[in-house]
Amino acid sequence: MISPRVRIGVLGLALLTALSSPATATAAEPAAPGSAAPPTVEELRLDKAAPQEILRRSGFDTAAPAFARALDRARSYAEAKRVVEREGSALWRRAVDRVQGRGPAGGDLSRDDDRPLYWARLGMTRELRGWEPRFGLDTERRARLIDALEQTSRGQTTIRYPHGKGLKRVLVTGFDPFTLDRDIRISNPSGAVALALDGTVIETASGPARVETAVFPVRWRDFTDGAVERALRPHLPEVDLFTTVSQGRVGRVDVERTNGAWRGGFGDNENTGRPEIVPVSDPASQPQWTSTTLPYAAVTAADTGRFPVYDNTSVTEIPAGGTEPVVRPEGPTPGSTARAGGGGDYLSNEIAYRATLLRDRLGLHDTLPGGHVHTPVLEFGAGNTTEVTDPQFVRNRLDIVAQVRSIVTVAVGAKG
């Protein structure tokens, strides 16, 4: 998720910026008030062979049909809302359980895979979008149901920490797969991290820590609508550390020092996007830059796994009084205007910017360690251009997940 301008000489960076001119919206026309809505651009990819194979080989191909049957039994909006919240939460739990080794695997796809959750959720949102109940459903209420399904199936509504002393509290977020029009088989290791760590306890130098996680969509509109702040605001005052995570550069991990208030406009999973300042509440007090408070020195010095870990200080700015973007390897200069944080100008930079801005607006800058970690790009094995998985692909994902777990362990321990 980093701009190609920031990653010249490497192959790719998850949740980064444009490889071409900014994308324009290509989603289907909105439905008439009260009618069923057509599938989104994102949902239409479900019909391709790879998503269907991923669903079938994980057993998650049953999720959307079962959800549709449950919806059809609803006789009122209130009943439909209960079905949506129940089934959305169940999908999240099912995905977490599968990755963490509980219950049946449902097929021969490796348990560490994040993609079954993504494609099953899209199957469910497509069913809900096209559902025509007997009691009638206007556009606003349908949108509320879809929003409830999105939140519950992403773990955003089930973040809970035990009461009592002696247990640190950690919040970690990941992302959906993206750039699927380039390669429909793509997995996002940050989503795999979220599923692997949710509800787990890790032993750190400062004692045990409970990790809770959530996943976010790769869609500009959700961020504009405040999805990040809505999910994180209740929990930042109660946690001891947080980190947003996304896929980044090839062969390396980056702890991003600085985040910028700029969207580069690269197309999201709905093929929409435009260059603009990150839209937030109270823009009059919006800073151009926010900074990590993660213990980056301790993280970069530790042996956390096979990928090298860097303290990434570079940004792209328009200097005060200037007109053209300039790369600053050591960070922004006073009075400059953001054009890319260390994590680029795509949604990984934006979630880092929003989360750390929220931390600061809650008055937690000096007490709460938080920031962004970019994982290595998750690569298939050499020569694999068609299969949905292979042994090297699985090994790479497992190694990335293990290394992020180690990074979190070091960060919590360094906080003390």
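Only a predicted model underlies this, so the values are computations on that prediction, with no experimental measurement involved.

Asker: How should I be thinking about the sheet that holds strand E2 (residues 201–204) in this particular structure?
Answerer: The seven strands lie next to each other as E2-E3-E1-E4-E14-E5-E10, forming an open sheet whose pairing is mixed. Strands with a single pairing partner mark the edges of an open sheet, and in this sheet they are E2 and strand E10 (309–312). Taken over all neighbouring pairs, the strand axes of this sheet differ in orientation by 30° on average, direction set aside. For strand E5 (residues 253–256) and E10, the ladder comprises four bridges, and the chain directions are parallel.

Asker: Explain the packing of helix H3 (residues 63–72) against helix H4 (residues 77–99) here, please?
Answerer: A pair of packed helices can be characterised by two numbers: the angle between their axes and the separation between those axes. Put simply, H3 and H4 touch, their axes get as near as 10 Å, and they point 160° apart. Accordingly, the angle class assigned to the pair H3 and H4 is roughly antiparallel. Where H3 crosses over H4, the handedness of that crossing is right-handed. Where H3 abuts H4, its residues Ala 63, Phe 67, Ala 70 and Leu 71 lie against Val 83, Val 84, Arg 86, Glu 87, Leu 91 and Arg 94. Of the residues assigned to the contact of H3 with H4, the class counts are seven nonpolar, no polar and three charged.

Asker: Would you take a moment to explain the pattern of salt bridges for this structure?
Answerer: Opposite charge on two side chains makes pairing possible when the charged atoms of those side chains draw close. A full pass over the atoms with the stated rule returns 36 salt bridges. In this structure, Arg 154 engages Asp 176 in a salt bridge whose closest nitrogen and oxygen atoms are separated by 2.9 Å. With Arg 154 in the loop between helix H6 (139–152) and strand E1 (168–175) and Asp 176 in the loop between E1 and helix H7 (189–197), this pair connects stretches of sequence that are 22 residues apart. Asp 176 carries the same exposure label as Arg 154, and that label is buried.

Asker: So what exactly am I meant to see when it comes to the environment of Gly 207 here?
Answerer: Assignment of secondary structure puts Gly 207 in strand E3 (residues 207–216). A sequence separation of 205 residues divides Gly 207 from Val 412, and the C-alpha atoms of the two residues are 8.8 Å apart.

Calculation rules
Residues numbered from 1 in each chain as written. Predicted model: local features only at pLDDT ≥ 70, side-chain atom pairs only at ≥ 80, totals over all residues. Heavy atoms only, no water. Pairing = 2+ DSSP bridges. Helix = DSSP H or I, 4+ residues; strand = E, 2+ residues; numbered from the N terminus. Axes fitted to C-alpha atoms, helices over the stretch in contact; angles between N-to-C directions. Parallel < 35°, antiparallel > 145°, perpendicular 65-115°, else oblique. Left-handed = near helix turned anticlockwise from the far one by under 90°. Contact = heavy atoms within 4.5 Å. Nonpolar A, V, L, I, M, F, W, Y, C, P; charged D, E, K, R; others polar. Salt bridge = Lys/Arg side-chain N within 4 Å of Asp/Glu carboxyl O. Buried < 20%, exposed > 50% of the residue type's maximum accessible area, 1.4 Å probe, protein only.

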